[in-house]
Amino acid sequence: DAEITQSPRHKITETGRQVTLACHQTWNHNNMFWYRQDLGHGLRLIHYSYGVQDTNKGEVSDGYSVSRSNTEDLPLTLESAASSQTSVYFCASSPGGARELFFGEGSRLTVL
Amino acid sequence: AQTVTQSQPEMSVQEAETVTLSCTYDTSESDYYLFWYKQPPSRQMILVIRQEAYKQQNATENRFSVNFQKAAKSFSLKISDSQLGDAAMYFCAYIYSGNTPLVFGKGTRLSVIA
């Protein structure tokens, strides 16, 4: 079955370190997204991509970057982790248009 | 920019009773889609129901139904015969028909009381 997987599921890191969260989907979806979930804020969009070599900033993109070198993967990088980036991160994909999103299981990141 | 508002941070319902979760949105578009997602304690995001704005008929999925009021920009979710497994965070979401990202509300945490 097609799926979307995130790794690691849990990570603890220190302030200032670089962190990369992986996202891999096997649906061959063009569209991929990264959201962060925080209490009282719901899900907020970090970055998204509509295809290979395409990336776009979301509403909370500061301190994050993504790259899209193939259809299956959209890794999210925190160049210098900050305590404010402690959160649960969700990757999602969709076939495009106004179709619903398919979500990964989330990655809980703690920055100490 | 489009916004989605869920005015009820928390709600509770007795098992077997009916509960309605509210959602309003702001858009200048006429062609769009609305969703309700459920997030149980497992953290997995599960699509509950989907509504196309051009359809006047309200969507239903078993015990879940919506009351879509396009003019009022309102999209409420009704859960009938509530079950313990319905306890979760519920998110309302909006997407324009073009290739734009899904916009979420802040969520409503639903508790089901046995």
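Bear in mind the structure is a predicted one, so any value in this text is a computation, not a measurement. Counting restarts for each chain, with residues numbered from 1 along the sequence as it is written. Ligands are numbered from 1 and chains lettered from A, in the order in which they are written. Reporting in this predicted model follows two pLDDT cut-offs: at least 70 for local features of residues, and 80 or more for side-chain atom pairs to be given and counted; totals over whole chains, interfaces and linings ignore these cut-offs and use all residues. The basis for the side-chain values is all heavy atoms of the structure; hydrogens and waters are excluded.

Participant: I'd like a rundown of the environment of D62 of chain A, residues and numbers included.
Facilitator: Residues and elements named next belong to chain A. Position of D62 among the secondary structure elements: in the loop between β6 (54–57) and β7 (64–66). Remark: exposure states derive from per-residue accessible area (1.4 Å probe, protein chains only) relative to the maximum for the residue type, with buried under 20%, exposed over 50%, and partly exposed in between. In this structure D62 comes out as exposed when scored by relative accessible area, which is 70%. Put simply, D62 and E14 are 48 residues apart on the chain and 18 Å apart in space, counted from C-alpha to C-alpha. Put simply, DSSP H or I for four residues or longer makes a helix, DSSP E for two residues or longer makes a strand, and each gets a number counted from the N terminus.

Participant: Can you explain the pattern of salt bridges? Please cite residues and give values.
Facilitator: We count a salt bridge whenever a side-chain nitrogen from Lys or Arg sits within 4 Å of a carboxyl oxygen from Asp or Glu. Here the structure, examined in full by the defined rule, presents 9 salt bridges over all chains. Where E52 of chain B meets R50 of chain B, a salt bridge forms, and the shortest distance between an N and an O atom there is 2.9 Å. Overall, the relative accessible area of 23% leaves R50 of chain B in the partly exposed class. Here D86 of chain B makes a salt bridge to R63 of chain B, at a shortest N to O gap of 2.8 Å. With D86 of chain B in the loop between β9 (74–79) and β10 (88–96) and R63 of chain B in the loop between β7 (60–61) and β8 (64–69), this pair connects stretches of sequence that are 23 residues apart. Overall, D86 of chain B belongs to the buried group, its relative accessible area being 3%. For R63 of chain B, a relative accessible area of 19% gives the class buried. Bridged by salt links that share partners, the residues E100 of chain A together with R50, E52 and K55 of chain B form one connected network.

Participant: So what's going on with the state of the cysteines? Which residues, and what values?
Facilitator: Throughout, a disulfide means two cysteine sulfur atoms within 2.5 Å of one another. Scanning the model with the defined rule gives 2 disulfides over all chains in all. A disulfide bridge connects C23 of chain A with C91 of chain A, and the sulfur atoms are separated by 1.8 Å. The disulfide joining C23 of chain A to C91 of chain A has a torsion of about -75° about its S-S bond and is therefore left-handed. In this pair, C23 of chain A is assigned in strand β3 (residues 19–25) and C91 of chain A in strand β9 (residues 87–94), connecting sequence segments 68 residues apart. When its relative accessible area of 1% is taken as the criterion, C23 of chain A is described as buried. Paired by a disulfide, C23 of chain B and C92 of chain B hold their sulfur atoms 2.0 Å apart. Torsion about the S-S bond of the C23 of chain B and C92 of chain B cystine: about -70°, corresponding to left-handed handedness. Here C23 of chain B, found in the loop between β3 (19–21) and β4 (24–26), pairs with C92 of chain B, found in strand β10; they are 69 residues apart in sequence, far enough to count as distant. Accessibility expressed as a relative area gives 1% for C23 of chain B, which makes it buried.

Participant: Can you break down the nonpolar core residue by residue, with the values?
Facilitator: We call a set of buried Ala, Val, Leu, Ile, Met, Phe, Trp, Tyr and Cys residues a nonpolar core when their side-chain atoms join them within 4.5 Å. Counting 25 residues, the largest nonpolar core has Y25, W36, F75, L77 and Y90 of chain B as the members making the most contacts within it. Contributing elements (two or more residues each) for this core: β3, β5 (32–39), β6 (46–52), β8, β9, β10 and β12 (108–113) of chain B. Core analysis: the next-biggest nonpolar cluster, separate from the first, contains 20 residues, L43 and L101 of chain A together with Y37 and L102 of chain B among them.

Participant: How would you sum up unusual backbone geometry? Please name residues and give values.
Facilitator: Look at the link from S7 of chain A to P8 of chain A: it is a cis peptide, with omega at -10°. Tracing the sequence through the fold places P8 of chain A in the loop between β1 (4–7) and β2 (10–13). Positive phi values are uncommon outside glycine, yet A16 of chain B reaches one of about 80°. Summarising the element assignment, A16 of chain B is placed in the loop between β2 (10–14) and β3. In the Ramachandran plot, K73 of chain B falls in the positive-phi region, its phi being about 55° despite a non-glycine side chain. Structurally, K73 of chain B is set in the loop between β8 and β9. Residue classification places K73 of chain B among the partly exposed residues on the basis of a relative accessible area of 26%.

Participant: Provide a residue-level description of the interface of chain A and chain B, including the pertinent values.
Facilitator: Taken together, the contacts link 27 residues of chain A with 21 residues of chain B. Put simply, buried area is the surface a 1.4 Å probe can reach on two separate parts but cannot reach once they are joined, added for both. Contact between chain A and chain B buries roughly 1,900 Å² in total, counting both sides, with carbon and sulfur atoms accounting for 53%. Note that E100 of chain A and R50 of chain B form a salt bridge whose closest N and O atoms lie 3.5 Å from each other. Listed by contribution, the elements that provide at least two residues to the side of chain A that touches chain B are β4 (31–38), β5 (42–51), β9 and β11 (107–111) of chain A. Element by element, the count of residues in the side of chain A that touches chain B is highest for β5 of chain A, at 5 residues. Classification convention: Asp, Glu, Lys, Arg as charged; Ala, Val, Leu, Ile, Met, Phe, Trp, Tyr, Cys, Pro as nonpolar; all other residues, Gly among them, as polar. Broken down by class, the residue content of the side of chain A that touches chain B amounts to 11 nonpolar, 11 polar and 5 charged. Contacts were defined at the residue level, with two residues in contact if any of their heavy atoms lie within 4.5 Å.

Purely geometric stuff here, so don't read any function into it on its own.
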